[in-house]
Amino acid sequence: MRSVLGQPGGPRLVVGCVGIVVTGLLVAFVTLMHGATWSTPGETLAGLLGHGEQTFVITRWRAPQVSAALVFGAALGLSGAVFQNLTRNPLGSPDIIGLEASAFTGALVVTACLSGTAAQVATGSVVAGLAAAVVVYALARKGGFSGMRLVVIGIAVNAMVTATNQWLVIRADLEVAMATTAWSAGSLNGTDWHDVRLPFALIAALAVGLALSARTMHQAALGDDLATTSGVRLGPHRLALVVLGVGCTATVTAVAGPISFVALAAPQIGRRITGSAGVPLLPAALTGALLLAASDLLAQTLTRPVPLPVGMITTAVGGAYLIWLLVMEVRKR
Amino acid sequence: MTGLVAHDLTLGYGERVVSTGLSLAVPPGRLTAVIGPNACGKSTLLRALVRLQEPRAGRVELDGVDLRRLRPREVARRIGFLPQRMVAPEGISVTHLVRRGRYPHRDWRLTWTDVDEAAVTRALLDTGVEDLASRRIEELSGGQAQRVWLAMVLAQETELLLLDEPTTFLDLAHQYDLLRLLARLRDAGRTVVVVLHDVNQAARFADHLVAMQAGRVVAAGAPAEVVTADLVEQVFGLACEVVPDPVAGSPMVVAH
């Protein structure tokens, strides 16, 4: 068995990835059918191809939200894989260690203080996310990047930042508060093409950067000593990964608000489905896309006709996963 | 000077200074063993030789060039290191772990060359783990896993190979397997430096012994010159007799 990537490869990886992609596209297609009334698959397909009376509804109203679920889910999955590799811990994902909540703080502050164009909000979100990463690392410094210490400190930072976010939403002007309530639950509802152009471009760029860093990331997973003596510059490499990883989670958060647990769960589910070694990026991204698309479908259909914020679904499902993961981690020790 | 040379190193962690004025020349093409009591600075010296420990003063040179002036990847193509602690990614197979040893030889492209494949195959054969190739690391015994990690470092195909207490977690037979493997690598032209706990094993397998105590090199040279009753008494604080090893004829320490 010889893969071009020189990474664990082979049939199981390919079959696993194809399986995830097909399921994700099916879920996306069903979501496209959903509206005030369900469209038939035929109508939906025709609409997608630009024929039929539903073209406008499907390509202008439903498609942006479905695309956002897929692309944002992939970005969250990537971000989770990056931080789980950095911390060498399945709990070390940006939504658990407070980076996502902090990115949202940045977005909220920029929205409340400056009127907040999309680019400004995204910048504020990235800056706040990076600042949180610095704080968490500084507090956990003694334990280094890996280990439980960083995760526990991250959980504490996450709790404090989440409380701050709630306070910001409550204290904001009524108008801002109304707009931010759904946002702060993590929602894709009402997304249009205009909203996603910039984030999609950013996520594409970040994904390219991550693809180029992947081999070094897996080398660094062998421990600091072996990574260094096999030629990895750990300092610059980690800095690059933190920036790319925070970039992914913050870009999503700036538009959709904090959507928790996709980053936590997607990399681990992805690596199990594909039988991969370590925490690889591609299965994490694909699984993230599937998870968020499926969650968004549930969010739209569970309480028809009023859609839920997708963050509520991911939190409910992900919370159960987190409990299971914590039990497993505690058992290991 | 050719090869790996340490000049006047000061080494330490935080406030604690482990070594001052530490100098050492690694004889090329030989098997060097570093011995000494616990916490004498053996591992710290080894870590300085492979860029894992930044010297406070002094420098480590490879063929006359300060290691700090070489690109990490360049150093990694010439010096391989087996540390005491490694992390195996969950679920990784033996082959895929050994392939990671090719990291410093590969560029940003994704191609895996025949040279890479040949190096991996050779490393698996040299360490006798070729039958385990498709197994997962977590299914292996400690001795098997240690050989796999060594195979990974061998796949790096470096002229210099440094190992930090590689025999510690191995049972007796596997300890000798590993030492014989190191001797074969030396015979194949590699320069090997190994930190060992067991003086008798070191004296039997090494061409060159470095005895350390309290951060200093106390003696260096051929085992027959270095291993004397006086030196063992001085370095390890053990009253002993040194007699010829009945099998190899190398000096053997027998405690009083």
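All values derive from a computational prediction rather than experimental measurement.

Caption draft 1: How the structure looks around helix 6 (residues 172-187) of chain B. All names here are of chain B. Over its 16 residues, helix 6 runs 23 Å from end to end, which matches the ideal 22 Å to within 8%, given 1.5 Å per residue. Buried within helix 6 are the following residues: Gln175, Leu178, Leu179, Leu181, Leu182, Ala183, Leu185 and Arg186. Of the surrounding secondary structure, the elements contacted by the buried residues of helix 6 are strand 3 (31-35), helix 4 (114-126), helix 5 (142-155), strand 7 (160-164), strand 8 (191-195) and helix 7 (199-205). Looking at the residues trailing helix 6, positive phi occurs at Gly189, about 105 degrees.

Caption draft 2: Highlighting the interface of chain A and chain B. The interface is formed by 31 residues belonging to chain A together with 38 residues belonging to chain B. Interface area for chain A against chain B, summed over the two sides, is near 2,900 Å², with a carbon-plus-sulfur share of 53%. In this assembly, chain A and chain B are joined by 2 salt bridges. The closest approach of N and O atoms between Glu90 of chain B and Arg271 of chain A, which form a salt bridge, is 3.7 Å. If you look at where chain A meets chain B, you find 9 residue pairs in polar contact (both at pLDDT 80 or more). Sorting the residues of the side of chain A that touches chain B by element identifies helix 8 (193-220), helix 9 (224-229) and helix 11 (262-274) of chain A as the ones contributing at least two each. Of the residues assigned to the side of chain A that touches chain B, the class counts are 9 nonpolar, 15 polar and 7 charged.

Caption draft 3: Examining the packing of helix 1 (residues 11-33) of chain A against helix 12 (residues 281-301) of chain A more closely. Residues and elements named next belong to chain A. Between helix 1 and helix 12, the least distance of the axes is 9 Å, while the angle of their chain directions is 25 degrees. As the angle between them shows, helix 1 and helix 12 are arranged roughly parallel. Once helix 1 is placed against helix 12, the crossing between them reads as left-handed. Seen from helix 1, the contacting residues are Leu13, Cys17, Ile20, Val21, Thr23, Gly24, Val27, Val30 and Thr31; seen from helix 12, they are Leu282, Pro283, Leu286, Thr287, Leu290, Ala293, Ala294, Leu297 and Gln300. Here the residues of the contact of helix 1 with helix 12 sort into 13 nonpolar, 5 polar and no charged.

Caption draft 4: Structural detail: the UniProt feature "transmembrane region" (unreviewed entry) in chain A. Residues and elements named next belong to chain A. UniProt tags residues 12-33, 66-84, 96-115, 121-140, 238-266, 273-294 and 306-327 as "transmembrane region" (unreviewed entry). Measuring from the first to the last C-alpha atom of residues 12-33 gives 32 Å, for a span that is 100% helix and 0% strand. Summarising residues 121-140: 95% helix, 0% strand, and an end-to-end C-alpha distance of 28 Å.

The rules behind these values
- Residues numbered from 1 in each chain as written.
- Chains lettered and ligands numbered in written order.
- Predicted model: local features only at pLDDT ≥ 70, side-chain atom pairs only at ≥ 80, totals over all residues.
- Heavy atoms only, no water.
- Helix = DSSP H or I, 4+ residues; strand = E, 2+ residues; numbered from the N terminus.
- Expected span 1.5 Å × (residues − 1).
- Buried < 20%, exposed > 50% of the residue type's maximum accessible area, 1.4 Å probe, protein only.
- Contact = heavy atoms within 4.5 Å.
- Buried area = accessible area lost by both parts, 1.4 Å probe.
- Salt bridge = Lys/Arg side-chain N within 4 Å of Asp/Glu carboxyl O.
- Polar contact = N/O pair within 3.5 Å; in protein donor to acceptor, adjacent residues only side chain to side chain.
- Nonpolar A, V, L, I, M, F, W, Y, C, P; charged D, E, K, R; others polar.
- Axes fitted to C-alpha atoms, helices over the stretch in contact; angles between N-to-C directions.
- Parallel < 35°, antiparallel > 145°, perpendicular 65-115°, else oblique.
- Left-handed = near helix turned anticlockwise from the far one by under 90°.
- UniProt positions renumbered as here; feature names shortened; annotations may be inferred.

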